[in-house]
Amino acid sequence: MSAAAARPLVTVQSLESDMATDGAAANSVPLPDVMRAAIRPDIVTFVHGQISKNARQPYAVSNRAGHQTSAESWGTGRAVSRIPRVAGGGTHRAGQGAFGNMCRGGRMFAPTKIWRRWHRQVNVTQKRHAVVSAIAASAVPSLVLARGHKIEEVPELPLVVSDAAEAVEKTSAALKVLKQIGAHPDAEKAKDSQAIRAGKGKARNRRYVSRKGPLVVYGNEGAKLVKAFRNIPGVEIAHVSRLNLLKLAPGGHLGRFVIWTKYAFEKLDSIYGTFDKVSEKKNGYVLPRAKMINADLARIINSDEVQSVVKPIKKEVKKAPLKKNPLKNLNVMLKLNPYAKAAKRMALLAEAQRVKAKQDKLDKKRKPITKIITYFCCLSMHLRFWVYLYFIGSLLLVSQSRASLMQPGWKLPCPVYLSHSVICLLQEEASAINSASKSWYKTMISDSDYTEFENFTKWLGASQ
Amino acid sequence: MAEKGGQIVPESVLKKQKRAEEWALAKKQEVATLKEKKSANRKLIYNRAKDYAKEYAAQERELIQLKREARLKGGFYVNPEAKLLFIIRIRGINAMHPTTKKILQLLRLRQIFNGVFLKVNKATVNMLHRVEPYVTFGYPNLKSVKELIYKRGFGKVNKQRIALTDNSIIEQTLGKHGIICIEDLIHEILTVGPHFKEANNFLWPFQLSAPLGGLQRKRNHYVEGGDAGNREDYINELIRRMN
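Residues numbered from 1 in each chain as written. Chains lettered and ligands numbered in written order. Predicted model: local features only at pLDDT ≥ 70, side-chain atom pairs only at ≥ 80, totals over all residues. Heavy atoms only, no water.

*Asks:* Explain the overall build of chain B here, please?
*Replies:* Counting its regular elements, chain B contains eight helices and nine strands. Scored against the burial criterion, the 243 residues of chain B give a buried share of 37%. When the accessible surface of chain B is split by element, carbon and sulfur atoms take 55% of a total near 14,800 Å². (Helix = DSSP H or I, 4+ residues; strand = E, 2+ residues; numbered from the N terminus. Buried < 20%, exposed > 50% of the residue type's maximum accessible area, 1.4 Å probe, protein only. Areas by Shrake-Rupley, 256 points an atom, 1.4 Å probe, with all protein chains shown as cover.)

*Asks:* Explain the interface of chain B and chain A to me, please; I cannot follow it from the model alone.
*Replies:* One widely used convention gives an interface's size as the accessible area the parts lose upon coming together. Opposite the 23 residues of chain B that make contact, chain A presents 21 residues. For the chain B and chain A pair, buried surface summed over both sides reaches about 2,100 Å², with 58% attributable to carbon and sulfur atoms. Inspection of the region where chain B meets chain A yields eleven residue pairs in polar contact (both at pLDDT 80 or more). Within the residue set of the side of chain B that touches chain A, elements represented by two or more residues are α1 (11-73), α4 (142-152) and α6 (182-190) of chain B. Counting residues per element, the side of chain B that touches chain A draws most heavily on α1(B), at eleven residues. Here the residues of the side of chain B that touches chain A sort into ten nonpolar, three polar and ten charged. (Contact = heavy atoms within 4.5 Å. Buried area = accessible area lost by both parts, 1.4 Å probe. Polar contact = N/O pair within 3.5 Å; in protein donor to acceptor, adjacent residues only side chain to side chain. Nonpolar A, V, L, I, M, F, W, Y, C, P; charged D, E, K, R; others polar.)

*Asks:* Could you clarify how one ought to interpret the pairing of strand β3 (residues 84-89) of chain B in this entry?
*Replies:* For a regular strand, the rule is simple: side chains alternate between the two faces of the sheet. Residues and elements named next belong to chain B. Burial analysis of β3 places six of its six residues in the buried class, which makes it a mostly covered element. Taking every second residue as pointing to the same face, both faces of β3 are buried, with Leu 84, Phe 86 and Ile 88 on one and Leu 85, Ile 87 and Arg 89 on the other. For β3 and strand β4 (residues 114-119), the ladder comprises five bridges, and the chain directions are antiparallel. By the bridge assignment, Leu 84 is partnered in β4 with Lys 119. Bridge count for β3 against strand β5 (residues 135-138) is four bridges, and the pairing is antiparallel. Note that in β5 the partner of Arg 89 across the bridge is Val 135. (Pairing = 2+ DSSP bridges.)

*Asks:* I'm lost on the confidence of the model for chain A in this one. Help?
*Replies:* Caution applies to low-pLDDT parts of the model: their predicted coordinates are not meant to be read in detail. Residues and elements named next belong to chain A. Mean pLDDT for chain A: 85, with 81% of residues reaching 70 or above. Mean pLDDT across the elements of chain A ranges from a minimum in helix α16 (residues 402-405), with 46, to a maximum in helix α2 (residues 41-51), with 97. Below pLDDT 50 for its whole length, residues 399-406 participates in four contacts with residues either more than four positions away or in separate chains. (pLDDT = per-residue confidence, 0-100.)

*Asks:* Explain helix α3 (residues 124-137) of chain A to me, please; I cannot follow it from the model alone.
*Replies:* Working note: α-helix, 3.6 residues per turn, so residues spaced by three or four point in the same direction. Residue and element names in this part refer to chain A. The end-to-end C-alpha distance of α3 is 20 Å, a good match for the 20 Å that 14 residues give at a rise of 1.5 Å each. Residues His 129, Ala 130, Val 131, Val 132, Ser 133, Ala 134, Ile 135, Ala 136 and Ala 137 constitute the buried set of α3. Elements in contact with the buried residues of α3: α2, α4 (141-147), α8 (245-248), β10 (258-261) and α9 (262-272). (Expected span 1.5 Å × (residues − 1).)

*Asks:* Is there a simple way to think about the sheet that holds strand β8 (residues 215-218) of chain A in this case?
*Replies:* By way of backbone hydrogen bonds, the strands of a sheet pair with one another, either parallel or antiparallel. Residue and element names in this part refer to chain A. Pairing in this open sheet of six strands is mixed, and the strands run β2-β1-β5-β10-β8-β9 from one edge to the other. A single partner strand is all that each edge strand has here, and the edge strands are β2 (28-30) and β9 (236-239). The average undirected angle you get between the axes of adjacent strands in this sheet is 35 degrees. Here three bridges tie strand β5 (residues 159-161) to β10, and the two strands are oriented parallel to one another. Counted as the bridge partner of Leu 159 is Ile 259 from β10. α9 contacts β1 (9-13), β2, β5, β8, β9 and β10 of the sheet and is inclined by roughly 90 degrees relative to β10. (Axes fitted to C-alpha atoms, helices over the stretch in contact; angles between N-to-C directions.)

*Asks:* How should the sheet that holds strand β9 (residues 229-230) of chain B be read in this particular structure?
*Replies:* Spatial ordering of the open sheet is given by β8-β4-β3-β5-β9 (chain B), a layout of five strands whose pairing is mixed. Each end of this open sheet is capped by a strand with a single partner; those strands are β8 (206-207) and β9 of chain B.

*Asks:* Looking at this structure, I do not really get the packing of aromatic side chains. What am I missing?
*Replies:* Under the criterion given, the structure shown has eight aromatic pairs over all chains. Measuring from centroid to centroid gives 5.5 Å for Phe117(B) and Phe206(B), while their planes differ by 90 degrees, and the two rings are edge-to-face. Here Phe117(B), found in strand β4, pairs with Phe206(B), found in strand β8; they are 89 residues apart in sequence, far enough to count as distant. The same class applies to Phe117(B) and to Phe206(B), which are both buried. These aromatic residues form a ring-pair network of at least three members: Phe86(B), Phe117(B) and Phe206(B). Over the ring of Phe154(B) we find Lys323(A); its NZ or CZ atom is 5.1 Å from the centre of that ring. Here the basic side chain of Arg91(B) rests over the ring of Tyr134(B), its NZ or CZ set 5.4 Å away from the ring centre. (Phe/Tyr/Trp six-rings, centres within 6.5 Å; stacked < 30°, edge-to-face > 60°. Lys NZ or Arg CZ within 6 Å of the ring centre and 35° of its normal.)

*Asks:* It is not clear to me how the side chain of Gln13(A) should be interpreted in this structure. Could you clarify?
*Replies:* Positionally, Gln13(A) belongs in strand β1. Judged by its relative accessible area of 16%, Gln13(A) falls in the buried class.

*Asks:* I keep staring at the pairing of β5(B) and nothing clicks. Help me out?
*Replies:* Residue and element names in this part refer to chain B. Side-chain alternation along β5 places Val 135 and Phe 137 on one buried face and Thr 136 and Gly 138 on a second face that is also buried. Bridge analysis of β5 against β9 gives two bridges, and the strand direction is parallel. Across the sheet, residue Phe 137 finds its bridge partner in β9, namely Asn 230.

*Asks:* Hey, could you run me through the environment of Ile87(B) in this one?
*Replies:* Residues and elements named next belong to chain B. By the element assignment, Ile 87 lies in strand β3. The exposure class of Ile 87 is buried, given its relative accessible area of 0%. It is 6.3 Å that separates the C-alpha atoms of Ile 87 and Phe 117, two residues lying 30 residues apart in sequence.

*Asks:* Please explain the environment of Asn101(A) as it appears in this structure.
*Replies:* Residues and elements named next belong to chain A. Looking at the secondary structure, you find Asn 101 in the loop between β4 (84-85) and α3. Owing to a relative accessible area of 48%, Asn 101 belongs among the partly exposed residues under this scheme. For Asn 101 and Gly 66, which are 35 residues apart along the polypeptide, the C-alpha to C-alpha distance reads 8.7 Å. Here Asn 101 is in contact with Arg 107, Met 108 and Phe 109, once residues within four sequence places are set aside.

Structure representation (structure tokens):
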């Protein structure tokens, strides 16, 4: 990715022994590109699963098991099932069922065979990618912690130790080295976890189980450290050029605690190559590229480039309102049609008016002339006669100008003068009766068929 | 990193605050402009509704006047042939001839008691003739059209059946044809206007209730005492019972 100079540096942990001669501060080595490769748990799980099948020993039941009888079926008609039965007599075994998987002493269903496919082939590149992933994972503290290693006291991951460690001869010295670099708790954990295996495995030569401790990786062939470290419980050793996935990712889980010697660490670049450079030791092999160069999603999302073109957040999600019937609910009606209120108001007023007008019209037509009659009855016989005359007279005069009627001083040829109010009353009644009779005449005409008389004559062809 | 009363506020937070402010401002402005537009629209809608009311009343009176005039002169006034039909499907979906099934699909009558408006022309009349036993149809009046659209009006927005609860829904789809409110829509349907096709297609087929009081006899034609076929103005009475 970047030039060697831009690579982060890993400090080499110094041991007591030779670093004093150097006199310099702790050395530092640039991080090899392997440790920055993409971590692919899917590849590792697959490859680990396949590879771990390769150390299996075949098992099978005996070829002849269950068939070492000359059993034959008795057939039907003997009130027994038709399974082949052992021939002969004189022993329990005679007449017992044989051969079937359901029979006691019979052969099993699908007897296991040794030509089962025990081993698995895995593509070389895939195997290499898996190892590369595992190495990269070993440089990530969270993954190593998650795998269960006690690395709280380890100064740095990846943990690189000076080459003096390769010269360690005695196991006691090796333990001291581990203590110095803070790897002792992990080894201790492994020692404490030694226990008898649960299950049948204990009787099958797999009696003890324990946790895995650190993996020490060295670079020089024949280094003394192999013999020193190999007896420490939990600690395993490996040469750089022969890294085993089963050790780097035990159980298919990434993040083994690895202790590198300086020599081994420097060799990693040449063994696995860099992102641009092909590996020297593995023919034509280049480190795998990640799917995303920048996998930090949060950073990408919050970057300026993205945030500057992002649209505003929609906080209120519009929910469709419940539909209400505008013909019943006035507010909803007004929302849709603001004119509805005015229209309704006008309609109501018009209706009220219509009703009133009709009522008035009917009242006019139907109003009885009750006042004069009652008054008439109270008068004496004599007066009644004159009032009656006056009444008729006013009726006869109705077709002429109204003005004449307005004169209360129309004198009767009688010494009795009717009061002003009575005369007015009489005049009102007279006009009322007149108008009533007029309208009655009109309806009489229109109700009759007289208006259509013209049409009728036309049909007949008769002339009027 | 800006200092805020002793606490360090990360730059990303500041950036987001600023952006949120900008958005809030833009939104406020947008809301204000929308509000203005809406109130202007409201006036327009009010006036349009008023004009339509006048127009409908005038039409009615004109019809009455023409009838009276004719009667006076001794002749008769014949109504012009109706331009608008309302069709209701009265039969179910089983055991149908495939052609008639297709025609009913084309008319958007896929369910029993579905109703649609339809323009009258030679093409549609012939289609109706084919499906007569399955539908009843007639000439709706103003009250029918109004009530159907107000009570059971749903619009086709984005291929979804959306209730006509607001004029904005209508404006969104039919605005480009000059129909911006429900009264416009009613007017367009009733007086089969120039954009009848779009307006009618916007209206989802009406899902009516089964008629209160029942049908007479589905299997017969209306003239035989049943329900199918053209019942002209009596469709309005049926709509009252089904709406």
